[in-house]
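# Geometric and topological summary
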Amino acid sequence: MTMNRSEFSGCRILLVEDEESLATGLEYNLTEEGYRVHIASDGREAVRCFQSESFDLVILDIMLPYKDGFEVADTIRAMNPRMPILMLTALSGLQDRIRGLESGADDYMTKPFHLEELLLRVKGMLRRKQWYQQSIEEQPIVFIGSYTINFEDFTVSSDNKNVTMTHREAMVLKYLVEHEGRIVSRNELLEQVWRISGEIETRTVDAFIARLRKIIEDDPRNPVFIQSIRSAGYRFARKGRDKS
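What comes next is a walk through the structure. This structure is a prediction, so every number in the text was calculated from the model and none was measured.

### Quick word on the environment of M171
Tracing the chain through its elements places M171 in helix α6 (residues 167-178). Between the C-alpha atom of M171 and that of Q192, which follows or precedes it by 21 residues, the distance is 9.9 Å.

And the structure:
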C-alpha cells in the first residue's frame, strides 16, 4: 500500500527497537511517510544517538538490552524535556500502560499494533509538539496564586518552592489554563492531551491532576485552582474558588 506523505515530512525519528524485522518494517513505512529514521537496537546505543544527533520524535521499545525503555526515557527527558516519546511494548496490562505514560512517555502502544494507527499517533504527537511550542511562544509564563509557572522549562517557583514538572504534567496544566473557567472532562484530556480514547482508564488523568495539585495548590486536599466538578471533570480557575 502506498502511503501519503506526512505533513511533517522531513522530521527525524529515533526508532529504538531490538527486534530486527520489526525495526526494518517500521523504518520502511515511516520513510514512505517522508520521515527520516535512525535505528538504535539497544538502550545504550539509543542514548548515544540522542546525545549526538537531533531528533523530532522517539519511538521507544521498553524491553531492550543494556538499558530498558524506562531508563532511556528518563535520560532523554533529562536532556530534552519536550521531546515526544512513543513507547512500544509487549506488556499489555493496565498498570504497565499507566507506568509507561507516567514514566515520561507521551503515548503508549502494545504489540502487536496496526501500522496505520501507529502512523496516526506519530502524526498526532508531532502536532501536539507544534501546538505546545506555539502555545508557549504566546504565553510562556503564567502566574497562579503565589506560583510562577514557566512552560518553557517546566519549572514552578514561589517563595518557598521550586519544582520541575514532567512534560505531560506541563501539557495537562497548559490545556487547563488555556480553557480557564470551562469544565474539561477526563475524556477530553485523554483525547486532546494524550490523543487516546478509551484505552487508558480515566484514573490516569486523576493521577496527573493529583500530582499537579501537589505542585500548585497550597492545600492539595482542598484545591482552589484545579477544581473537581462532580461527574463532569475539572475546571481551572486562576483566581481560585468563588466565594458565593
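### Looking at a negative patch on the surface
Taken together, E137, E138, E152 and D153 make up a surface patch of like negative charges. Structurally, D153 is set in the loop between β7 (147-150) and β8 (155-157). By relative accessible area, which is 38% here, D153 ends up partly exposed.

### Structural notes on the sheet that holds strand β11 (residues 226-229)
Spatial strand order, β10-β12-β11: 3 strands in an open sheet with antiparallel pairing. Strands at the two margins of the open sheet, each flanked by one partner only, are β10 (183-184) and β11. The pairing of β11 with strand β12 (residues 233-236) spans 4 bridges and is classified as antiparallel. Each bridged residue has a counterpart across the sheet, and for S228 the counterpart in β12 is Y234. Sheet contacts for helix α8 (residues 203-216): β11 and β12; angle to β11, the most-contacted strand, approximately 145 degrees.

### Description of the sheet that holds β8
Where strands meet in a sheet, backbone hydrogen bonds hold them as pairs that are either parallel or antiparallel. Read from one edge to the other, the open sheet built from 4 strands follows the order β6-β7-β8-β9, with strand pairing classed as antiparallel. At either end of the open sheet lies a strand with only one pairing partner, and these are β6 (141-144) and β9 (162-164). Strand-to-strand twist of the sheet, defined as the mean angle between neighbouring strand axes without regard to direction, takes the value 20 degrees. Alignment of β8 against β9, held across 3 bridges, turns out to be antiparallel. The residue of β9 that forms the bridge with S157 is N162.

### Structural notes on the packing of aromatic side chains
According to the stated counting rule, one finds 2 aromatic pairs in the structure shown. Between the aromatic rings of F50 and F55, the centroid separation amounts to 6.4 Å while the plane-to-plane angle is 15 degrees, which identifies the pairing as stacked. Comparing F50 with F55 shows no difference in burial state: the two are buried. Each ring, one from Y132 and one from F154, has its centre 6.2 Å from the other, and the planes form 65 degrees; the classification is edge-to-face. Highlighted residues: Y132 in helix α5 (residues 115-138) and F154 in the loop between β7 and β8, separated in sequence by 22 residues. A relative accessible area of 1% places Y132 in the buried class. A cation over an aromatic ring shows up here: R44 above the ring of Y66, its NZ or CZ 3.6 Å from the ring centre.

### Quick notes on the nonpolar core
Formed by 30 residues in total, the largest nonpolar core has its most connected members in I144, I149, F151, M165, L173, I216 and I226. Elements that contribute at least two residues to this core include exactly α5, β6, β7, α6, α7 (186-194), α8 and β12. With sequence-adjacent residues up to four places away left out, I216 is seen in contact with I144, Y147, I149, V156, L173, F225 and I226. By size, the runner-up hydrophobic cluster in this structure holds 21 residues, among which are V47, F50, I62 and M87.

Reading the values: the criteria
- Residues numbered from 1 in each chain as written.
- Predicted model: local features only at pLDDT ≥ 70, side-chain atom pairs only at ≥ 80, totals over all residues.
- Heavy atoms only, no water.
- Helix = DSSP H or I, 4+ residues; strand = E, 2+ residues; numbered from the N terminus.
- Patch = residues over 30% accessible without salt bridge, like charges linked within 9 Å, V, L, I, M, F, W, Y side chains within 5 Å.
- Areas by Shrake-Rupley, 256 points an atom, 1.4 Å probe, with all protein chains shown as cover.
- Salt bridge = Lys/Arg side-chain N within 4 Å of Asp/Glu carboxyl O.
- Lys, Arg positive; Asp, Glu negative; His and termini not counted.
- Charge placed at Lys NZ, Arg CZ, Asp CG, Glu CD.
- Buried < 20%, exposed > 50% of the residue type's maximum accessible area, 1.4 Å probe, protein only.
- Pairing = 2+ DSSP bridges.
- Contact = heavy atoms within 4.5 Å.
- Axes fitted to C-alpha atoms, helices over the stretch in contact; angles between N-to-C directions.
- Phe/Tyr/Trp six-rings, centres within 6.5 Å; stacked < 30°, edge-to-face > 60°.
- Lys NZ or Arg CZ within 6 Å of the ring centre and 35° of its normal.
- Core = buried A, V, L, I, M, F, W, Y, C linked by side-chain atoms within 4.5 Å.

Remember, this is a structural readout, not a statement about activity or role.
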